[in-house]
Amino acid sequence: MTTRDLIRTASTPTTGASARRTDRARRTAFGRRTAALLTLLTLASATGTAGAVAAPTGAATLAVPARYAHQQLTWQTCAEEATLECATMTAPRDWHHPGRGPDITVAVSRHRATDPARRIGTLLTAAGGPGGQGLLRPADHVRNAPALGASYDIIGFDQRGVGHSTRAVCQTPEEFRSFFAGDFRDDTPADRARVIANSAALATGCEQRSGGLLPFLTTEQTARDIDLLRALLRERRISYYGPSYATMIGAYYATLFPHRIERMVLDSNIGFDGTWERFQLGQPMSFQRRFEEDFLPWLAARDATYHYGTTPAEVKARWEARRAALREQPIVDGQLTLGPDQLDNGTIQGIYRENNGFTLLATALTALDDWPAADPAARTTARRVFGDYLSPEFLAEFFAVTCGDTPWTRDLSLWTARGTENAARWPLVGARTLAFAAVCASWPTPPPTATAPRVRVTGAGLPPTLMLNSVHDPATYYEAALSAHRALRGSHLVTVADNGDHGQYPGPNPCVRSAVESYLLTGATPAGDLTCPSPTTS
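Residues numbered from 1 in each chain as written. Predicted model: local features only at pLDDT ≥ 70, side-chain atom pairs only at ≥ 80, totals over all residues. Heavy atoms only, no water.

Draft legend 1. Just the overall build of the chain, in detail. Each helix and strand counted, the chain has 23 helices and 12 strands in total. With 538 residues in all, the chain has 56% of them scored as buried. Put simply, of all contacts in the chain between residues at least 6 apart along the chain, 76% involve residues at least 24 apart. Split by element, the accessible area of the chain, about 21100 Å² in all, is 53% carbon and sulfur. (Helix = DSSP H or I, 4+ residues; strand = E, 2+ residues; numbered from the N terminus. Buried < 20%, exposed > 50% of the residue type's maximum accessible area, 1.4 Å probe, protein only. Contact = heavy atoms within 4.5 Å. Areas by Shrake-Rupley, 256 points an atom, 1.4 Å probe, with all protein chains shown as cover.)

This is the structure in structure tokens:
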């Protein structure tokens, strides 16, 4: 089934018994599509964790000790953004045992509503990743969505584990570069052993350097930090906007504290109804789809500018030839070593968004054919595209959350076989399957008292919510968004057709902007699910 078919399925209204029968049929069809398309179900069932279990009874009503509930936030101008105020919040390391272990700190920020007479309330924003920093995000929202900045106090924060909050530490910069050195496509026994050893070293480094913090860097703990922040802001309810991984943060918060949600927008959705393992197994397909069906035709249509080929097949062949050349002789430029994995990394990063992303990636590719003679501006772009991918700090939080939130298969022989299969079928991201999965397979097992409670997202008790997703999003693929949409009852899905951008709001699409701002400013939702045309086709 094509994404166009999936859009039609998602947007067709049904009622009564017919709706129930149709919904069951859709779920069945979706399961078949997912099994055929992503080959997820066999491995997911091997873990015994294909579906989340409900959070423990009373999980949302944990008592908040007075030393946290009665603290005062001391606001002052943010050092890195003069338009924002910043403060530091203290929270328990473990919300389920607040007397155990040292406290953590969470850096928070706010931008006051610019039109107090029109103020609606507080809009909390969070960052994606896991590993992104959200402290300065409110400034971007005010600049790019001034209507929201006028009507809301906009709040941001660096979630536990990142940025100016209490952080995890896993790797030195040298160890980070070593993790991405070589070629993830190499598949000899020695190559696989090297990858597994690097992944195990990363997991061990996290445990040894993070001071017992790892078991508590979970989405469920972050959701409880949010409710403490809500209380300290003296708000009975808050509205929420979250992109990418922040959709999972929002969905968990709304599940644990549904009576605290006023309005909620989830943009580019993680499969928050299942496990991280299952969700990440779908990403090799979705990144390859975005690369081959969107970026390659885009670049071929601009051969007069970039001279990279006139057909998608020509462009792909040239890209693969350049990758092979970098494997034999990487480009070394100061501290940057640009080999095949760096080409993959920059391409992965460049296809998140067509606007700017495609152009920057295309410019960077032109510099690789003859690096010494390349246009200096193109070389500068290439250093940024291929050299600024993630960081040790990002990976620390990324693996802490994705490995610790939900269970993972620990059988490395299964991941070795899966890595070989994914590298052959969907090489852009599939080649790193073993490297990333082996980190979680090697992740330290938390003690029973620190095991993260599972949260089953249902939408129970929530007001209507809004979800956004493009059909070719490489990172948060549409198939997972549909499944999450079905789990979050009462949600309205805005599908952006003929588009693959990751993060739809605020952006250039007037249909999306209208839906989001009408909802956040007035509470009005679409009559049902909504399909918006891509801004390039509308």
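Still more to cover.
Draft legend 2. Representation of the pairing of strand β3 (residues 104-111). Most of β3 is tucked away: 7 of the 8 residues are buried. In the sheet, strand β2 (residues 85-91) pairs with β3 via 7 bridges, with the strands oriented antiparallel. What sits directly across from Thr90, in β3, is Thr105. Where β3 lies against strand β5 (residues 152-157), 4 bridges are found, and the strand directions are antiparallel. From the neighbouring strand, Ser109 faces β5, where its bridge partner is Gly156. (Pairing = 2+ DSSP bridges.)

Draft legend 3. Spatial organisation of the packing of helix α19 (residues 412-425) against helix α21 (residues 433-441). As a packed pair, α19 and α21 sit with axes 8 Å apart at the nearest point and diverge in direction by 160 degrees. Comparing the axis directions of α19 and α21 gives the class roughly antiparallel. Between α19 and α21 lies a crossing whose hand is right-handed. Contacts between α19 and α21 pair Leu412, Trp415, Thr416, Arg418, Gly419 and Asn422 from the former with Thr433, Leu434, Ala437, Ala438 and Ala441 from the latter. Along the lines of polarity and charge, the residues of the contact of α19 with α21 split into 6 nonpolar, 4 polar and 1 charged. (Axes fitted to C-alpha atoms, helices over the stretch in contact; angles between N-to-C directions. Parallel < 35°, antiparallel > 145°, perpendicular 65-115°, else oblique. Left-handed = near helix turned anticlockwise from the far one by under 90°. Nonpolar A, V, L, I, M, F, W, Y, C, P; charged D, E, K, R; others polar.)

Draft legend 4. Layout of the side chain of Gln71. For Gln71, the position within the fold is in the loop between α4 (66-69) and β1 (76-77). Gln71 sits in the buried class, given a relative accessible area of 15%. Among the polar contacts listed, one links the side chain of Gln71 to the backbone oxygen of Tyr68, at a separation of 3.0 Å. Of note is the side chain of Gln71, whose polar atom sits 2.7 Å from the backbone oxygen of Thr90. Filtering out sequence-adjacent residues up to four positions away, Gln71 remains in contact with Ala66, Thr88, Met89, Thr90, Leu228 and Leu232. (Polar contact = N/O pair within 3.5 Å; in protein donor to acceptor, adjacent residues only side chain to side chain.)

Draft legend 5. Spatial organisation of the confidence of the model for the chain. Across the chain, the average pLDDT comes to 90, with 88% of residues at 70 or higher. The low-confidence segment residues 12-59 (pLDDT under 50) makes 72 contacts with residues lying over four places distant or belonging to another chain. (pLDDT = per-residue confidence, 0-100.)

Draft legend 6. Region of interest: helix α5 (residues 137-144). Among all positions of α5, only Pro138, Ala139, His141 and Val142 are buried. Viewed along the axis of α5, the buried residues span an arc of 160 degrees, placing them on a single side of the element. Against the buried residues of α5 lie β3, β4 (121-125), α6 (146-151), β5 and β6 (238-244). (Arc of directions from axis to C-beta.)

Draft legend 7. Highlighting the pattern of salt bridges. Applying the stated criterion across every chain, the model contains 29 salt bridges. When the shortest N-O distance is used, the salt bridge between Glu174 and Arg177 registers 3.6 Å. Of the two residues, Glu174 and Arg177 both sit in helix α7 (residues 173-179), 3 residues apart, roughly one turn of that helix. Residue Arg177 is classed as partly exposed on the basis of its relative accessible area, which comes to 39%. Put simply, Arg290 and Asp294 hold a salt bridge, and the shortest N to O gap is 2.9 Å. You can see Arg290 and its partner Asp294 sitting in helix α12 (residues 283-300), 4 residues apart, about one turn around the helix. Asp294 carries the same exposure label as Arg290, and that label is buried. When salt bridges that share partners are traced, they join Asp183, Asp186, Arg323, Arg327, Glu328, Asp341 and Asp344 into one network. (Salt bridge = Lys/Arg side-chain N within 4 Å of Asp/Glu carboxyl O.)

Draft legend 8. Layout of the sheet that holds strand β7 (residues 261-269). Strand order in the open sheet formed by 10 strands is β1-β2-β3-β5-β4-β6-β7-β10-β11-β12, and the pairing between neighbours is mixed. Only two strands of the sheet have a single neighbouring strand rather than two, namely β1 and β12 (530-532). Sheet analysis places β1 next to β2, joined by 2 bridges and oriented antiparallel. By the bridge assignment for β2, Gln76 is matched with Cys86. Sheet strands in contact with helix α9 (residues 219-232) are β2, β3, β4, β5 and β6, and its direction is about 120 degrees off that of β2.

Draft legend 9. Inspection of the environment of Pro116 at higher detail. Checked against the element boundaries, Pro116 lands in the loop between β3 and β4. Taking C-alpha positions, Pro116 is 7.5 Å from Ala150, a pair spaced 34 residues apart along the chain.

Draft legend 10. The arrangement of the side chain of Ser534 in detail. Within the secondary structure layout, Ser534 lies in the segment after β12. Only 3.3 Å separates the side chain of Ser534 from the side chain of Asn499, close enough to count as a polar contact. Residues in contact with Ser534, not counting those within four places in the same chain, are Val496, Ala497, Asp498, Asn499 and Asn509.

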